[in-house]
Amino acid sequence: MINLIKVCKSFKGQKVLDNLDLNIEPEKITVIIGRSGGGKSVLLKHIMGLIQPDSGQVFIDGIDISGLNDNKLNEIRKMFGMLFQDAALFDSMTVGENVAFPLKEHTKLSKKEIDKIVEEKLLQVDLKNITHKIPSELSGGMRKRVGLARAIALNPKIVLFDEPTTGLDPIMCESIDNLIINTQRHTKATFVVISHDIGSTFKIAHNIAMLYEGKIITIGTPEEIRLSDNPVVKRFISRETGKEC
């Protein structure tokens, strides 16, 4: 589903991705960990085609998106849903309008059909009777849930998450973790999560990849990562364990 081969990217002479190789297993949750500022968000933007590599290839569902024009990239991006760190809801729209937005933009469904899908997606993330509310009336956790409902509105093959538990208390973190697990089981989509939250990572991941100095230095199941003898991996896990969530 997602395969990056020898991807390089630099900004102002600073190498962020350095001959990076990564193969993401379809219909699984893969969490990419690494230190803050280490290139995780840059990697995610390459997967979406928002950034083009200086060299290397990015394959999405067998298509090399490196160098595609905007029209072709937009077609590929219809395969994606995205949950941003702050949920990125439109403040001037109601919850229902937020979730309906991609459906109105990319389909020709009737209002009645859209309203039905909106209700279904909100129920899928354990929310009901809030379509009339605006984002400022919601808690941080509820905004994340609405953001996820919008991200899955078009039944995407791939859903990307940017630090989904950042800024949440431990109870809400656990709730979001469970939501990610249950939503992936229901949709069978490929989930890619970037995170520095080790507790959450070990709970939700089928596979964990660590980004360090521009490369994926290891990838494996949570148990394989937990038992890794790589000193960088061991040091990162020991430093992060016990922090929030």
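Given the structure is predicted, the values throughout are model-derived calculations rather than measurements.

Conventions used here
- Residues numbered from 1 in each chain as written.
- Predicted model: local features only at pLDDT ≥ 70, side-chain atom pairs only at ≥ 80, totals over all residues.
- Heavy atoms only, no water.
- Pairing = 2+ DSSP bridges.
- Helix = DSSP H or I, 4+ residues; strand = E, 2+ residues; numbered from the N terminus.
- Axes fitted to C-alpha atoms, helices over the stretch in contact; angles between N-to-C directions.
- Left-handed = near helix turned anticlockwise from the far one by under 90°.
- Contact = heavy atoms within 4.5 Å.
- Nonpolar A, V, L, I, M, F, W, Y, C, P; charged D, E, K, R; others polar.
- 1 Å grid on protein atoms, 1.4 Å probe; cavity = no way out; pocket = protein on both sides within 12 Å on 5 of 7 lines; lining within 4 Å.
- Points joined across faces, edges and corners; volume = space filled by probe spheres on them.
- Buried < 20%, exposed > 50% of the residue type's maximum accessible area, 1.4 Å probe, protein only.
- Polar contact = N/O pair within 3.5 Å; in protein donor to acceptor, adjacent residues only side chain to side chain.

Undergrad: Can you break down the sheet that holds strand 4 (residues 55-60) residue by residue, with the values?
TA: The four strands lie next to each other as 2-1-4-5, forming an open sheet whose pairing is antiparallel. In this open sheet, the two strands that pair with only one neighbour each are strand 2 (14-24) and strand 5 (63-64). Bridge analysis of strand 1 (residues 2-11) against strand 4 gives five bridges, and the strand direction is antiparallel. By the bridge assignment for strand 4, Ile5 is matched with Gln57.

Undergrad: Tell me about the packing of helix 3 (residues 95-106) against helix 4 (residues 111-124), and name the residues and values.
TA: Contact pair helix 3 / helix 4: the axes reach a minimum separation of 9 Å and the direction vectors enclose 115°. The two elements helix 3 and helix 4 cross, and the hand of that crossing is right-handed. Side by side, helix 3 and helix 4 meet where Val95, Gly96, Val99, Ala100, Leu103 and Lys104 of the first sit next to Ile114, Ile117, Val118, Lys121 and Leu122 of the second. Residue composition of the contact of helix 3 with helix 4, by class: eight nonpolar, one polar and two charged.

Undergrad: Provide a residue-level description of the layout of surface pockets, including the pertinent values.
TA: In this structure, the largest pocket spans a volume of roughly 510 Å³. Lining the largest pocket are 19 residues, with Phe80, Gly81, Met82, Pro102 and His106 positioned closest to its centre. Where the lining of the largest pocket is concerned, the elements lending two or more residues are helix 2 (70-77), strand 6 (80-83), helix 3 and helix 5 (140-151). Take the lining of the largest pocket: its biggest share by element is four residues, from helix 3. For the lining of the largest pocket, the class distribution of residues is twelve nonpolar, three polar and four charged.

Undergrad: Quick one: what's the story with the side chain of Thr183, residue by residue and with numbers?
TA: For Thr183, the position within the fold is in helix 6 (residues 170-187). Taking the relative accessible area as the measure of exposure, Thr183 reaches 1% and is therefore buried. At 2.6 Å, the side chain of Thr183 forms a polar contact with the backbone oxygen of Leu179. Once residues lying within four places of it in the same chain are set aside, the contact partners of Thr183 are Gln124, Leu148, Ile152 and Phe191.

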